[in-house]
Amino acid sequence: ATFDLVDTKTGEVTKSDRLESNVVRVELSAKLKTLIVTKEDVEDGIRLSGAEFQLLNQESGDVIASGTTNAKGLLVMKNIPSDRSYVLRESTAPAGYERAEDTEITFQKDKVFRMTIKDQRKTGTVEILKRNSLDNNIKVSGAEYTLYNASNHEEVEIGITDQNGKVIFGNLPW
């Protein structure tokens, strides 16, 4: 076989059919680490898929790694240099959840760094406006409504329309 030997300083190319080598010592300036993120519901600890994360260099803000939690609520980021500090940012929360706040990370001696990030469920509001069936301009006060949980049919709250024909059920889990 013929080899092209390139002098990296001068750019000079030499063709050779022999390859001689000197012993080269390579030192890595930073050990590479692995970050394992577990994503959970803050209330019941259920693991959550679909959370998108970015690992940012704390100093420059550059994205070092990114990914999405799998069906088991796990995300593994590999080959991360350990010689700097980072910020873990949840760029997209799973459907029905609030994004978690940024978390600062400085790797310790362990090769694998594990952390759990918990998300709070979003809440919503249901507003009912009761009107007269014969005259839509007349708002009906005193009408009683019961709100039930659709998944287990348990009563959540009872509300009565006010003088404007309105009842509001608030702070409802997503």
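Please read all numbers here as calculations on a predicted model, not as lab measurements.

Student: Tell me what's going on with the sheet that holds strand β6 (residues 74–81), and back it up with residues and numbers.
Tutor: On the basis of which strands lie adjacent, the open sheet formed by three strands has the order β6-β3-β9 and mixed pairing. Across the chains shown, the open sheet's two edge strands, defined by having one partner strand only, are β6 and β9 (112–119). In this sheet, neighbouring strand axes are inclined to one another by 25 degrees on average, regardless of whether the strands run parallel or antiparallel. Sheet topology places strand β3 (residues 32–41) next to β9; eight bridges connect them, and they run parallel. Across the sheet, Lys39 pairs through a bridge with Ile117, a residue of β9.

Student: I'd like a rundown of the sheet that holds strand β7 (residues 85–92), residues and numbers included.
Tutor: Note on sheets: strands pair through backbone hydrogen bonds, and any given pair is parallel or antiparallel. Pairing within the open sheet is antiparallel, and its four strands lie in the order β5-β4-β7-β8. At either end of the open sheet lies a strand with only one pairing partner, and these are β5 (63–68) and β8 (103–106). Along the sheet, successive strands turn relative to each other by an average axial angle of 25 degrees, direction set aside. Of the pairings in the sheet, the one linking β7 to β8 comprises four bridges and is antiparallel in character. In the sheet register, Leu88 faces β8, and the bridge partner there is Thr103.

Student: Can you lay out the environment of Asp162 for me, pointing to particular residues and giving the numbers?
Tutor: With respect to the helices and strands, Asp162 occurs in the loop between β12 (155–160) and β13 (166–173). A sequence separation of 23 residues divides Asp162 from Lys139, and the C-alpha atoms of the two residues are 9.3 Å apart. Ignoring any residue separated from it by four or fewer positions in sequence, one finds Asp162 in contact with Val140 and Ser141. A distance of 2.9 Å separates a polar atom in the side chain of Asp162 from the backbone nitrogen of Asn164.

Student: Pulling in residues and values, what's your account of the nonpolar core?
Tutor: Generally speaking, a soluble globular protein has its nonpolar side chains buried in company with each other. Core analysis: the largest hydrophobic core is formed by 16 residues, its most contacted members being Leu35, Val37, Phe53, Leu55, Met77, Leu88 and Ile105. Those elements giving two or more residues to this core turn out to be β3, β4 (52–57), β6, β7 and β9. Sort the elements by how many residues they give to this core and β6 lands first, with three residues. If we skip the residues at most four places from it in the chain, Met77 touches Lys33, Thr34, Leu35, Phe53, Leu55, Ala65, Ser66, Gly67 and Leu88.

Student: Lay out the pattern of salt bridges with the relevant residues and their values.
Tutor: The final tally for this structure, using the stated rule, is eight salt bridges. The salt bridge partner of Glu40 is Lys118, with a shortest N-O separation of 3.0 Å. Of this pair, Glu40 sits in strand β3 while Lys118 sits in strand β9, and the two are 78 residues apart along the sequence. For Asp83, the salt bridge is made with Arg84, and the minimal N-O distance between the two is 3.3 Å. According to the relative accessible area criterion, Arg84 is partly exposed, its value standing at 32%. Through salt bridges that share partners, Lys39, Glu90 and Asp119 make up one connected network.

Cut-off values and rules
Residues numbered from 1 in each chain as written. Predicted model: local features only at pLDDT ≥ 70, side-chain atom pairs only at ≥ 80, totals over all residues. Heavy atoms only, no water. Pairing = 2+ DSSP bridges. Helix = DSSP H or I, 4+ residues; strand = E, 2+ residues; numbered from the N terminus. Axes fitted to C-alpha atoms, helices over the stretch in contact; angles between N-to-C directions. Contact = heavy atoms within 4.5 Å. Polar contact = N/O pair within 3.5 Å; in protein donor to acceptor, adjacent residues only side chain to side chain. Core = buried A, V, L, I, M, F, W, Y, C linked by side-chain atoms within 4.5 Å. Buried < 20%, exposed > 50% of the residue type's maximum accessible area, 1.4 Å probe, protein only. Salt bridge = Lys/Arg side-chain N within 4 Å of Asp/Glu carboxyl O.

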